[in-house]
Amino acid sequence: MEDIDKSNVEIIEVLGKKRDFEYNKYPQEAIELAHKLYLEKKSYSFIVEELKKISDRKPSAPLIGHWAERYGWDKERVSLTERISDTIQRETANGVLNRAKEHVKAYQKLTERGLSALEDGTVPVERMDEIVHLVDAGIKGERTAMAGVVSMKFIMKVIGILS
């Protein structure tokens, strides 16, 4: 027990794990790097090569696998992946929702311009058909965009419930 230096004991305490001889051979920096790279889904061989750069020890792929199994890195990686996926889904849904709201505003402006042109009486009779089509396109576009907003809000609520 005397051969374990204080920094290695602190590593064990910080990680809340039982004493592990192989684990104690490596400085905290190396263990943290292996953990980080593992969570990033780097290969064992890549992790080993990176550890060799910062440690005088000779790490191995089986050692990385042992750490991952013993200290629950797989569960942590799955949890992290799920959280990232959830975040991406929400951000994507929010982006689509915001874009749909912009479309609604654009169609509303189109409708307002057409109605304004009809109301002010300055549109020549031969262009009235164009203005009516403009108003009609604005109304139809707004309805379509609003249907998308309603659907997206529903999807976001479902995602929130499932999360």
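Residues numbered from 1 in each chain as written. Predicted model: local features only at pLDDT ≥ 70, side-chain atom pairs only at ≥ 80, totals over all residues. Heavy atoms only, no water.

**Student:** Just checking my understanding: could you explain unusual backbone geometry for this structure?
**Tutor:** Peptide bonds are, in most cases, trans, and in most cases residues other than glycine have a negative phi. Despite not being glycine, K41 has its phi angle at roughly 65°, a positive value. Considering the arrangement of structural elements, one finds K41 in the loop between α3 (28-39) and α4 (44-54). Using a relative accessible area of 53% as the deciding quantity, one classes K41 as exposed. (Helix = DSSP H or I, 4+ residues; strand = E, 2+ residues; numbered from the N terminus. Buried < 20%, exposed > 50% of the residue type's maximum accessible area, 1.4 Å probe, protein only.)

**Student:** Would you explain the side chain of T111 in this entry?
**Tutor:** Of note, T111 is situated in helix α6 (residues 73-119). Taking the relative accessible area as the measure of exposure, T111 reaches 10% and is therefore buried. In terms of polar contacts, T111 uses its side chain to reach the backbone amide nitrogen of I139, at 3.3 Å. Not counting the four nearest positions on each side in its chain, T111 is found in contact with V135, G138 and I139. (Polar contact = N/O pair within 3.5 Å; in protein donor to acceptor, adjacent residues only side chain to side chain. Contact = heavy atoms within 4.5 Å.)

**Student:** Looking at this model, I keep getting lost on α4. Mind explaining?
**Tutor:** Along an α-helix, residues three or four apart share an orientation, since each turn contains 3.6 residues. The set of residues buried in α4 consists of I47, V48, E50 and L51. Projected down its long axis, α4 carries its buried residues within an arc of 165°, all on one side. Lining the buried residues of α4 we find α3 and α5 (61-70). (Arc of directions from axis to C-beta.)

**Student:** Even after reading the chapter, I still don't get the packing of aromatic side chains, so can you show me in this structure?
**Tutor:** The description of an aromatic ring pair uses the distance of the two centres, along with the angle that the planes make with each other. By the definition in use, this model includes three aromatic pairs. Aromatic pair Y38 and W73: ring centres 5.7 Å apart, planes at 50°, arrangement tilted. Within this pair, whereas Y38 is found in helix α3, its partner W73 is found in helix α6, the two being separated by 35 residues in sequence. For W73, a relative accessible area of 3% translates into the label buried. Through pairs of rings, three or more aromatic residues link up here, namely Y38, Y44, W67 and W73. Just above the ring of F46 sits the side chain of K42; from NZ or CZ to the centre is 5.6 Å. A cation over an aromatic ring shows up here: R77 above the ring of Y38, its NZ or CZ 4.1 Å from the ring centre. (Phe/Tyr/Trp six-rings, centres within 6.5 Å; stacked < 30°, edge-to-face > 60°. Lys NZ or Arg CZ within 6 Å of the ring centre and 35° of its normal.)

**Student:** Whenever I open this one, the confidence of the model for the protein chain confuses me. Can you help?
**Tutor:** If pLDDT is low for a region, its predicted coordinates should not be looked at in detail. Looking at the protein chain as a whole, the pLDDT averages 79, with 81% of positions reaching at least 70. Per-element confidence in the protein chain is highest for α4, whose mean pLDDT is 92, and lowest for helix α1 (residues 6-15), whose mean pLDDT is 45. (pLDDT = per-residue confidence, 0-100.)

**Student:** Any chance you could explain the pattern of salt bridges here in plain terms?
**Tutor:** Pairing is possible between side chains that carry opposite charge, provided their charged atoms lie close to one another. Applying the stated criterion across every chain yields a total of seven salt bridges. Across the salt bridge formed by E130 and R127, the nearest N and O atoms sit 3.3 Å from each other. Classification of E130 by relative accessible area gives partly exposed; the value is 46%. In this structure R127 comes out as partly exposed when scored by relative accessible area, which is 40%. With its nearest N and O atoms 3.1 Å apart, the salt bridge here joins D136 to K140. Of this pair, D136 and K140 both sit in helix α7 (residues 128-162), four residues apart, which is roughly one turn of the helix. Since its relative accessible area comes to 32%, D136 is described here as partly exposed. Given the relative accessible area of 49%, K140 is considered partly exposed. (Salt bridge = Lys/Arg side-chain N within 4 Å of Asp/Glu carboxyl O.)

**Student:** Honestly, the environment of L39 in this entry has me stumped. Any pointers?
**Tutor:** Mapped onto the elements of the fold, L39 is located in helix α3. With 36 residues separating them in the primary sequence, L39 and K75 have C-alpha atoms 9.9 Å apart. Excluding residues within four positions of it along the chain, L39 makes contact with W73, E76, R77 and L80.

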